[in-house]
Structures are given as structure tokens and as C-alpha cells.
Amino acid sequence: MGEKEVPHPHDATAIGLLKINPLPIISSFQSIFVPNKKNKLVSQTSIDKPSSIITFFFILKLFTPSNLYSNPLHPPLLTLNKIPLYLSVFTIHFNCFIAKDVIVIIFLFIIYSKDIKDYKLYNNIMSKPRFVYWKLNARAQMSMLMLHAGNIDYIWDSDSANTWPALKNELPFGQLPVIYHDNLIVAQSNVMTRYCAELCKLSPSDPHESLLANMLIEHCDDIFNLFAKAKYAGDEEDQTKAWLDVRDNKLPEKLEYLSRLLKGKTFFSDNHHMGDIAVFSTVYMANQAGLTDCLVLFPDLKRHYDKVFEIGDIKSFVDANHKPYFTSGLK
Ligand SMILES: N[C@@H](CCC(=O)N[C@@H](CS)C(=O)NCC(=O)O)C(=O)O
């Protein structure tokens, strides 16, 4: 995956607006060129101290990198940038106050200190999440696929995992996988999935869609547990028996429920979300385990799989063909 920043399409309008936001300019000029008592715009005879400070902030704003606003987690900046509008109205209204400039300066300080805080946050978010896990398609796969769907770069640090159990004591639950990001350590694979989905805006804000997406993730977890049970079923013969049962009965039963929820649509909701990526991840895992002959029975799920495959950079994960954790050994 490349280093490029790809703003979420939902933010396209916000970003467009923010890159050429004239409001701070207007408000700064209103502070320098103030109406006199006859309501004519006149330049202040000398640039006094408060106005110079305002001008300084205006220039600072002008040179603030526009990519600051392409942070997908911070659309609230749109609201923040409206403050100068309120401020300019306020300034005109209270023009007769001698304290006007002081009020303006206080507001500008508040605005810019928030901007600087957001900038720091932006830099943190743009730092790459680092997965510590063995080089296997297993418990970290779903969260990695979320990031691929959102075109967010990450590091797969298998070297640290390979020192196991050296790390165990520094992990929240003494287990892998974990993600190091933003001075945080995220453990529990399903939480990691949701965290990565948040980073990519794949976590629906609509409560009903969110319920469906979360139910899909949990259903996929049940399928993962079916596979794990078969893998650890006992000796080779027991394992084969268990995998046959998964392939011929248990998996088709789980897929049947997914098919019912999909209702013949392209995605589970109007737009794709983390639930779609979770289902894709599970079908891909079943595929790598040699279990997906049964997809013939579910052409709608096969279509769904092919559609999700096209999202973001999912293809590169599949193309990498990492070693699978589950292999049924069935022909
Ligand atoms: N509930 C955890 C389970 C994690 C888990 O079982 N990790 C295994 C490897 S896949 C592990 O760290 N085993 C080593 C140990 O428990 O000491 C999750 O979903 O992340």
C-alpha cells in the first residue's frame, strides 16, 4: 500500500470547503478595518498591538497545511471554522466597545489552540498502526482487511511476535494480536476490528446499521470459533471428521443466515460497512481453508464477496496470499 492520504468520500465536500475558507480572512480584516462612528470603513491609523496579533494569526491560518483538514476523523473542524463568521458578526455588533479587539483576540486564541491540538491529533492518526502478530491469516485478518478497505497503511510486525513469549508481560491480556497506535495498545481481535473500522469510517453512525454491522461481526466470530474447534478436534482422523462436518453442515447453516440478511442486495446495508468486510474476511478464511464449495448454494454471497473484493485495497491483501491458520486438508 502506498503512503498516499485518501480522504473518505463522505468528507469530500467538507474538505473542499475548508481548503478555501474565506471566513478567517474576513474576520481578520474586519478587525483591522473597523467602521468609524459614521459607519464608514476606515483603516486604523496605525496598526496597533491587538490588530498585529490578529494579522499574525490570520497569516498563520493562511499557511496551515490544507491536508490538516483531510483527517477523516475530524470533520468537526468544519464547525470550528464557522466560528470566525459568528465572531465577525459579533465584532460588528459590538463595534462601539473599546474592548472589541480584546474579545477578538481571546476568540482567536481559542480557535487556534484547538487547531493546533487537532493538528497534533492528525499527526498521530496519520502514524501507522502497528500490528504485532505472527505472519498468518488468523485473528488479525479482519482488522487488517478493514484498513485495506479504507486504504490506510499499517505495519505488520511479525518480528516482535516471533520473539514470543518475550512480549507477553507487556500485553493487556498476555495474548496476540495487538495493535500499537497513537500511544495506545489495542488488544482483543474484535475490538481491533472495530477500532480499525472507526479509523476508516466503516463503522456506521446510524444506530440500526451499526447493530446489523456488529451482529455480522459477532456471527463471523462464531464461524471463526467453528473453525478453531475443528482445528483442535483431536488426532488427524478426528480433525478430518470435524472439518467435514463444518464444510457440509455447520458452515452452510451459518452462511444461510447471512444470505437471508443480505436479501439479494449488493451490501448488507445501502453502503458497505464493517459488517461487509467482516463477512468477506470470513468467506476468504473459509476459502483458504478449502471449504467454500458450498458457496455454489449461495450465489448472492459469492456476488457480495466479489463486490467487497473491489473495495479500497483489499485485493492486495488477498494477492499477498499469506499463510492460512486454518487448513481443513479436505479435497
Ligand atoms: N480473545 C483474544 C484471543 C487471543 C488469542 O487466543 N491469542 C492467542 C494466539 S491466536 C495467543 O496469544 N496465545 C498465546 C497465549 O495465550 O499465551 C482475541 O480475540 O484476540
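A few points on the structure. Here the structure is a predicted model, which is why all the values come from computation and not from measurement.

Note that the residue after W164, namely P165, is joined by a cis bond; omega there is 10°. If you trace the backbone, P165 turns up in the loop between α8 (158–161) and β5 (178–181). The residue after L176, namely P177, is reached through a cis peptide bond having omega 5°. Its location among the elements puts P177 in the loop between α8 and β5.

It is worth spelling out helix α13 (residues 299–309) at this point. Along α13, the residues that are buried comprise L301, H304 and V308. Buried residues in α13, looked at end-on, bunch into an arc of 55°, giving them a common side. With respect to the buried face of α13, the exposed residues turned more than 90 degrees away are P299 and D306. Looking at the buried positions of α13, the neighbouring elements they touch are α11 (236–262), α12 (274–288) and α14 (314–320).

Another point: the site of the ligand. Lining the immediate surroundings of the ligand are A138, R139, G174, Q175, L176, Q188 and S189. Here the residues of the shell around the ligand sort into two nonpolar, four polar and one charged.

What follows deals with the environment of L176. By the element assignment, L176 lies in the loop between α8 and β5. Classification of L176 as buried rests on a count of 21 C-beta atoms within 10 Å. If we skip the residues at most four places from it in the chain, L176 touches V132, Y133 and A161.

Glancing now at the environment of I179. Mapping I179 onto the fold places it in strand β5. For the pair I179 and Y154, spaced 25 residues apart in sequence, the C-alpha separation works out to 9.6 Å. Leave out the neighbours within four places in its chain, and I179 touches P129, R130, F131, V186, M192 and Y195.

In this section: the pairing of strand β6 (residues 184–187). Across four bridges, β5 lies against β6 in antiparallel orientation. Among the inter-strand pairings, V178 is bridged to a residue of β6, identified as A187. In textbook terms, the turn of a hairpin is the stretch between consecutive antiparallel strands, and for β5 and β6 this stretch comprises two residues, one of which, D182, has a positive phi near 60°.

Attention shifts here to the sheet that holds strand β3 (residues 130–132). Taken in spatial order, the four strands of this open sheet run β4-β3-β5-β6, and their pairing is mixed. Strands with a single pairing partner mark the edges of an open sheet, and in this sheet they are β4 (155–157) and β6. Between one strand axis and the next, the sheet turns by 25° as a mean value, whatever way the strands run.

So, about the packing of helix α10 (residues 207–231) against α12. Across the interface, α10 lies against α12 with an axial gap of 8 Å and an inter-helix angle of 15°. Our classification of the angle between α10 and α12 gives roughly parallel. The two elements α10 and α12 cross, and the hand of that crossing is left-handed. Residues L212, A213, L216, I217, C220, I223, F224 and F227 of α10 form the contact with α12, whose own contacting residues are M274, G275, A278, V279, S281, T282 and M285. Considered class by class, the residues forming the contact of α10 with α12 number twelve nonpolar, three polar and no charged.

Rules behind the numbers
Residues numbered from 1 in each chain as written. Predicted model: local features only at pLDDT ≥ 70, side-chain atom pairs only at ≥ 80, totals over all residues. Helix = DSSP H or I, 4+ residues; strand = E, 2+ residues; numbered from the N terminus. Buried ≥ 20, exposed ≤ 12 C-beta atoms within 10 Å, placed from the backbone. Arc of directions from axis to C-beta. Contact = placed C-beta atoms within 7 Å. Near = placed C-beta within 6 Å. Nonpolar A, V, L, I, M, F, W, Y, C, P; charged D, E, K, R; others polar. Pairing = 2+ DSSP bridges. Axes fitted to C-alpha atoms, helices over the stretch in contact; angles between N-to-C directions. Parallel < 35°, antiparallel > 145°, perpendicular 65-115°, else oblique. Left-handed = near helix turned anticlockwise from the far one by under 90°.

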